[in-house]
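# What the coordinates show
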Amino acid sequence: MTTAILSALPEEQGGLVHALAQPERITHAGRAFWRGHLQGQPVVLALSGIGKVAAATTATVLAERFGVARIVFTGVAGGVGEGVQVGDVVVAQDYLQHDIDASPIFPRWEVPGYGGARMVCDPVLSALLLEAAGACLAGAEDICDAQNRPRTHAGLMASGDRFVSTAQESGTLRAALLAAGHDVLAVEMEGAAVAQVCRDYGLPFAAVRTISDRADDSAHVDFAHFVQNVASRYADGIVHRFLQALPK
Ligand code: SAH
């Protein structure tokens, strides 16, 4: 039962490749896949690339060629929900694509053929990720002051082929989604695509994203700093704890 650990950027993959036991590098569809063991569990590590199409290709390869039993995404995202701050960790309960719009034929945000907007994540894997994230943040408490202590959140995430980088865009997006009953905590560019591929293949999917920016006018600065300095440490800490807890 192989677990795929997917990230968008090399920085998000962190030291996982170096930690891999019996590593084997396989190239397919222009992507590098690393097969091996972490915490005694068989895994495949892969980079999705940026955006929904790149992520869907990688997820399809993981399902078809590697026959993985589940896919877990680890990466960074822009916080848009109230109280979702840089350094916090969000575990997805479900996903939607914020840039899909076949209205007026289908309701806005509905994925035609799927009967709704949201793709649900696997509750068991998500609970394990949330526990792992909590433990990881508790371990970082000594480097944070009491007011800025990072928190974990669980809820709706949204993906789209845009780096959301103005307060106006994120505010408009959040308000429109909220008015339709979609209380989005964070935005990124891949998760909903992977969730849809996993649904097609009947594969359990879960995702954890560390908040690198607030999807506002300073998002590009915050993003670059965070990805270089913090994202990989989070990815390592959360993935190792998650795999330790995953039944063999
Ligand atoms: N210049 C960057 C581009 C990264 S795009 C580089 O190549 O290094 C941003 C990545 O981080 C995407 O993979 C996306 O999933 C995530 N992300 C972080 N903050 C985001 C935001 N505010 N809007 C959209 N995606 C965001």
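You'll find the structure just up there.
What you see is a predicted model, and the numbers here were worked out from it, not measured in a lab. (Residues numbered from 1 in each chain as written. Predicted model: local features only at pLDDT ≥ 70, side-chain atom pairs only at ≥ 80, totals over all residues. Heavy atoms only, no water.)

This brings us to the pairing of strand β6 (residues 89–97). Counting buried positions along β6 gives 8 out of 9 residues, so the element sits mostly inside the fold. Relative to strand β8 (residues 152–159), β6 runs parallel, the two being bridged by 8 bridges. Its bridge partner being in β8, A92 is matched across the sheet by G155. Pairing analysis gives 3 bridges linking β6 to strand β10 (residues 205–213), with the strands arranged antiparallel. Its bridge partner lying in β10, V89 is registered against T210. Both β6 and strand β7 (residues 119–120) contribute to a ladder of 2 bridges, which runs antiparallel. In the strand pairing of β7, Y95 is matched with M119. (Buried < 20%, exposed > 50% of the residue type's maximum accessible area, 1.4 Å probe, protein only. Helix = DSSP H or I, 4+ residues; strand = E, 2+ residues; numbered from the N terminus. Pairing = 2+ DSSP bridges.)

Okay, helix α6 (residues 191–201) next. The buried fraction of α6 is high, at 8 of 11 residues. Regarding α6, the residues found buried are G191, A192, A193, V194, A195, Q196, V197 and C198. Following α6 by one or two positions, G202 adopts a phi angle in the positive range, close to 65°.

Distances and angles like these do not, on their own, reveal function.
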